[in-house]
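Here are the chains, one letter per residue:
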Amino acid sequence: MKDDLREEGWRLIDSNMQDLCTKYDLLHSGENNVMRLPFLIKGSLRAPSRVNFDDILQAFDAAERVAPAGAFPSHVRLEKVQVLREPVINRKTMRPAGAYQYSVMPVFSPGEVLENDFSAICELYNTPFQEILELLKSLGAVFVQEQALLNSLRDLTIHTAQLPDQWHNLGFDALGMLIDPHSAKVMVDKDLGVWGQAGSRFLDGWVELPGAAPLPAPVHLIAAQALGAKAPAWEKRKPSMRAMPTRQLHITAGNAPQIPFISALRAILTKSAAVIKSPCGATLPGALLSLGLLAAAPDHPVTRHLSIVYWPGGEAAVEDAFFAPNAFDRIVVWGAPDAVESVKKRALFTKVLTFNPRYGVSMIGREAFAESLEDLAAAAAADSLVANQKACIASQIHYIEAEEDQAKSYAQALQRALAAFDRASPNYVDPFFVGEIKRVMRGVLIDGDWFVNSEEGRFCSGVVLVDREIPLSAVTMQRMIIVRRLDRLESALPYLHSGVSTVSMSPLSVKERLRDEIAARGVSNIVDLGHSGTMFPGMSHDGMMALSELVDWKNG
Amino acid sequence: MTAHPDQALKQAQDGLKKIMVQWAATKTCDQDKALKLREQAASANYLRYRRNIPYFAKVCSMAGMNGDNPGLDQIIEHCMIPDDIFKSYPQGFLDDRDFRGMNRWLARVGDVRPSKASGEARNMDQWLDLLEKEGIHLVFSSGTSGNMSFVPRDESTWRHFLKNSLLYTPMAAADQGVIPSWKKLALKLLCQNIEPDSLLSLADRYGRLIFRDFDGYFCNFSGGAQGIQLVGQELAKYCRNAFFLYDAPLSPMAVRGVIRGAAAPEEQAVIDAFLNTTVHDKKANYHRMLSALEKSSKRGRKAIIFGTPYLLLEICQEVKAHKLNLRLKKGSAVFFGGGWKSFDGNRIPEEELVGLIGESLGIERNFIAEGYSMTEIQGLMLRCPEGRYHVPPHFETVILDPELRPMDGDDVTGTLGIIDPFAESYPGFLITGDHVRRVNEGCPCGRSGPAIISIARSPGREIKGCGGIMAKINA
């Protein structure tokens with residue numbers, strides 16, 4: 001049996017996701033575009049109660065009546081369920097179809113997911129890391145086995161996906177890569193690695209630190225003098241350390257649908273008891289992970305100490321309990337400034353990790369224009385379109401050191417590159433942002449030179465060339481790139497700060513010349529042009545080794 | 001259109017003024033005629049703007065609007081301008097005190113041609129003063145990010161800005177009982193029998209007769225060209241005595257500097273003075289005002305108090321905390337403006353404030369009025385006792401969907417757009433930052449025409465991911 005486990009992963013697969021979906025009537029679009037999504041509550045599947053569609057409609061009608069002007073109620077709570085609604089997008093026209101997809105989810109109470117039984121948690125904390133890798137292997141096998149289900153979910157959720165089709169589909173394809181055990185091991189060993197030791201060793205137990213030389217406190221010296229032979233033998237201490245798992249709350253964001261998955265994976269890799277809050281607009285990844293874990297390893301300690309749920313941000317009944325002292329050891333917050341700020345203010349006694357709203361830029365020196373303009377523009381466009389320009393690392397502003405005519409040629413080449421993207425993967429621009437782009441074009445950036453790709457008069461993508469400072473509120477992140485021309489690239493340095501996550505640069509000589517100063521100003525990633533979106537296991541995130549922040553480092 | 005655009009505009013404006021006065025006196029007006037005049041004014045202004053305002057010409061060009069007579073629908077679809085345009089100057093101009101640069105920007109955003117002399121100004125306050133002397137009136141608003149907006153008005157637009165509301169607000173005040181009935185009757189007779197411009201001349205000369213029973217208390221600065229300050233300053237001219245909470249002009253340099261920091265020692269001094277007045281001496285100023293109010297009360301004089309809900313709330317709380325016995329004479333009134341948000345962004349509880357005003361100042365609910373306006377328009381919308389902000393007939397309001405396309409209907413909610421026929425020196429086809437519900441039906445108060453029921457600042461969707469990037473940063 002043990003050998004079988006090694007062969008297949010953590011345990012033999014004897015149930016599957018499709019069976020669970022069928023049994024509980026989950027994850028398919030029923031009548032009236034209603035999909036039922038489950039929660040994972042400490043290893044137990046919770047399916048939503050049955051609800052009448054008319055009751056859903058009435059609840060949203062009521063919410064609309066009391067909503068402030070301009071607000072779009074996307075969440076309602078009925079007696080035993082909560083419902084999210086998202087606009088359906090016509091994939092041919094990439095415009096709102098005028099209908100909604102409803103996700104019906106169960107409810108939960110905070111007490112059900114909080115972890116206070118430390119002897120039970122220690123079973124998870126002391127699970128060998130190898131078993132975590134085997135769990136991931138099993139999960140991967142389940143996802144391969146359930147390809148038909150995944151395909152149907154990919155096709156179902158594309159109707160509300162705000163990302164273009166290709167991005168959406170590749171997101172599903174990337175699941176296997178995200179949970180690849182080899183990458184996971186590298187990630188843990190590098191991220192938690194200290195004292196020349198692999199990180200997974202610290203996660204599994206107390207690791208002696210051979211080179212560590214303990215230093216005495218004054219009291220030891222005084223004691224040695226006063227007590228002679230009875231003095232504490234501090235020299236004999238053999239220091240050790242452990243990366244202790246923690247109880248984690250992850251409040252995730254949906255600008256890239258992989259984020260809830262990545263955040264949950266960090267909890268799993270650190271062998272931590274965790275509650276994951278799915279974001280509005282990306283509740284499916286959490287549901288998939290829940291079902292995958294239940295199919296792959298229902299009795300695994302990770303599964304039994306993991307909860308994947310949803311509540312609308314700001315709901316006091318949930319958040320007061322979650323942000324109370326000692327409810328969690330770590331709170332991870334991704335997302336909007338007000339969400340991050342709100343959590344920081346309320347969870348005063350818990351260590352809060354924030355993945356703040358940030359943005360990327362590109363810096364292109366004069367020498368780069370000696371090469372092919374089309375290649376330069378293609379690389380720069382790729383940096384801008386990470387997660388269709390919605391990722392925190394996507395380049396929003398290109399600072400270019402160029403003459404006016406060069407800058408214009410560059411903007412035009414960029415426009416052509418974007419047009420090619422538009423043809424290959426038509427863009428979806430939310431109606432709100434259609435309005436925002438009009439505002440920017442006719443308002444704060446009226447003085448810019450605009451190079452717009454449109455279809456039937458509707459914005460698809462575009463470039464605006466300016467030669468002055470601009471307010472960041474002009475950034476719309478909808479395949480709209482702001483190119484700011486400069487006489488000297490160094491003039492862009494004052495605009496780099498900790499809000500800038502990534503700077504992609506060309507040519508190499510410019511990167512080498514400026515990268516230390518850019519890094520000193522708070523930027524986290526300084527990469528070659530065209531590489532903003534590339535990642536590797538064990539890399540830092542927003543200036544942190546994230547796993548290292550999620551564990552509690554203990555000294556022995 | 002056959003007439004010269006300037007003549008056509010003047011003709012339409014004169015017609016609309018008459019309709020404003022009629023609407024004030026009778027609560028109703030010929031809406032079809034008003035619409036025709038607004039269309040005539042919009043067509044004339046379209047041509048004037050396109051000829052004289054480079055940025056407007058650019059908007060038209062980007063939209064492919066090359067014809068000379070596009071019609072109101074086309075203007076609404078393609079030529080509406082967001083109010084952000086008035087902050088489209090490079091912030092570096094103000095940081096570097098490059099007022100020549102600011103003048104170049106003004107000449108692009110508006111139909112004004114500042115002189116070289118104003119470009120030599122040493123600081124922002126002086127720049128505004130020099131422009132004022134040249135007949136260019138810059139009205140500013142602060143902006144939460146310190147990115148101030150500047151709306152350039154020539155003499156004609158400035159007069160419309162200051163005077164248009166006088167054509168209908170006194171009658172609306174009279175309707176609420178603020179003015180004695182005999183004065184109301186006299187006012188009504190004047191409205192029905194003399195030309196609007198003559199009415200305004202009379203208001204200039206004898207306007208104080210209407211409000212001479214009142215001592216005016218203004219919870220703002222006694223000078224400075226910021227929207228809400230200007231309303232207070234203008235209203236003050238008609239009161240017997242005027243008392244300002246801050247007896248100093250509001251410095252735009254201080255307004256910007258408080259948010260963005262001082263660029264020079266001279267600026268720091270102005271900021272310090274501003275903070276002393278509004279923060280350090282705040283309570284002392286409140287008590288100075290309250291003590292003056294007490295004197296008015298003892299002399300049996302009525303008071304009219306004007307300010308933002310936030311300041312009035314604080315003042316009432318101060319009265320209550322110190323148990324002051326301030327029972328103002330019956331007929332005293334409160335006039336709000338400037339929105340219902342507090343400094344921390346929360347909405348002031350309206351019912352609580354109205355109750356507190358009654359409790360602490362003795363002012364009855366029907367003597368509490370409110371106006372809704374913005375820096376960029378020539379006029380204000382008064383809220384009636386039924387809670388509706390009535391749109392005066394010279395404004396063409398447009399409700400825009402999220403894509404900024406116009407929506408039809410007698411009960412629609414969306415972004416408010418306003419076509420202002422009296423904006424002559426800058427594009428008056430405006431997209432505001434307000435989300436409103438507009439109805440078009442008879443109001444129980446008796447006033448006809450469209451009205452705005454609710455006003456919110458921005459859509460309240462749950463923000464996802466990195467969407468809400470830092471609005472206060474420049475790049």
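This text gives an overview of the structure that appears in the document. (Residues numbered from 1 in each chain as written. Chains lettered and ligands numbered in written order. Predicted model: local features only at pLDDT ≥ 70, side-chain atom pairs only at ≥ 80, totals over all residues. Heavy atoms only, no water.)

The next thing to look at is the nonpolar core. Residues and elements named next belong to chain B. Residues Trp127, Phe150, Ile305 and Phe429 are the most contacted members of the largest nonpolar core, which totals 126 residues. Per-element tally for this core: the top contributor is helix α17 (residues 309–321), with seven residues. When neighbours within four sequence positions are excluded, Trp127 is seen to be in contact with Phe99, Met102, Asn103, Leu106, Ser118, Ala121, Leu138 and Phe150. (Core = buried A, V, L, I, M, F, W, Y, C linked by side-chain atoms within 4.5 Å. Buried < 20%, exposed > 50% of the residue type's maximum accessible area, 1.4 Å probe, protein only. Helix = DSSP H or I, 4+ residues; strand = E, 2+ residues; numbered from the N terminus. Contact = heavy atoms within 4.5 Å.)

Taken together, the 54 residues of chain A in the interface contact 51 residues of chain B. Taken over both partners, the interface formed by chain A and chain B buries close to 4100 Å², and the fraction arising from carbon and sulfur atoms is 60%. Remark: the boundary between chain A and chain B carries two salt bridges. B:Glu403 serves as the salt-bridge partner of A:Arg95, at 3.1 Å between the closest nitrogen and oxygen. When contributions to the side of chain A that touches chain B are tallied by element, the ones reaching two or more residues are α17 (337–346), β15 (395–401), α20 (431–442) and β16 (449–455) of chain A. Residue contributions to the side of chain A that touches chain B peak at eight residues, all from α20(A). Of the residues contributing to the side of chain A that touches chain B, the split by class is 27 nonpolar, 13 polar and 14 charged. (Buried area = accessible area lost by both parts, 1.4 Å probe. Salt bridge = Lys/Arg side-chain N within 4 Å of Asp/Glu carboxyl O. Nonpolar A, V, L, I, M, F, W, Y, C, P; charged D, E, K, R; others polar.)

A few words on the sheet that holds strand β21 (residues 552–555) of chain A. All names here are of chain A. Ordered by their spatial adjacency, three strands build an open sheet running β7-β8-β21, and the pairing between neighbours is antiparallel. Pairing within the sheet leaves two strands with one partner each, and these edge strands are β7 (207–208) and β21. Pairing of β7 with strand β8 (residues 240–244) involves two bridges; the strand directions are antiparallel. Bridge pairing links Val207 to Met241 in β8. (Pairing = 2+ DSSP bridges.)

Further remarks concern empty space enclosed by the protein. Residue and element names in this part refer to chain A. Overall, the coordinates contain three cavities of 30 Å³ or more when judged by the stated rule. Roughly 60 Å³ of internal volume is contained in the largest cavity. Considering the residues around the largest cavity, the lining is formed by Leu37, Pro38, Phe39, Met105, Ser278, Thr283, Gly286, Ala287, Ser290, Ile308 and Val309. Within the residue set of the lining of the largest cavity, elements represented by two or more residues are α14 (284–296) and β11 (306–309). Across the lining of the largest cavity, the residue classes break down as seven nonpolar, four polar and no charged. (1 Å grid on protein atoms, 1.4 Å probe; cavity = no way out; pocket = protein on both sides within 12 Å on 5 of 7 lines; lining within 4 Å. Points joined across faces, edges and corners; volume = space filled by probe spheres on them.)

Residue and element names in this part refer to chain B. In terms of burial, strand β2 (residues 137–141) is a largely internal element, five of the five residues being buried. Burial of the side chains of β2 extends over both faces: His137, Val139 and Ser141 are buried on one face and Leu138 and Phe140 on the other. In the sheet, β2 pairs with strand β3 (residues 149–153) via five bridges, with the strands oriented antiparallel. Residue Ser141 lies in a different strand from β3, and its bridge partner there is Ser149.

The next subject is helix α15 (residues 265–280) of chain B. Residue and element names in this part refer to chain B. Of all the residues in α15, the buried ones are Glu267, Ile271, Phe274 and Thr278. End-on, the buried residues of α15 take up no more than an arc of 65 degrees, which puts them together on one face. Along α15, the residues that are exposed and aim more than 90 degrees away from the buried face are Pro265 and His280. Each element contacted by the buried residues of α15 is listed here: β4 (214–223), β5 (241–249), α14 (252–260) and α16 (282–298). (Arc of directions from axis to C-beta.)

Before going further, it helps to examine the environment of A:Ser506. With respect to the helices and strands, the residue A:Ser506 is situated in strand β19 (residues 500–506). Apart from residues lying up to four places away in sequence, A:Ser506 is in contact with A:Met363, A:Ile364, A:Gly365, A:Ala368, A:Leu376 and A:Leu529.

Function-wise, these values are silent; they only describe arrangement.
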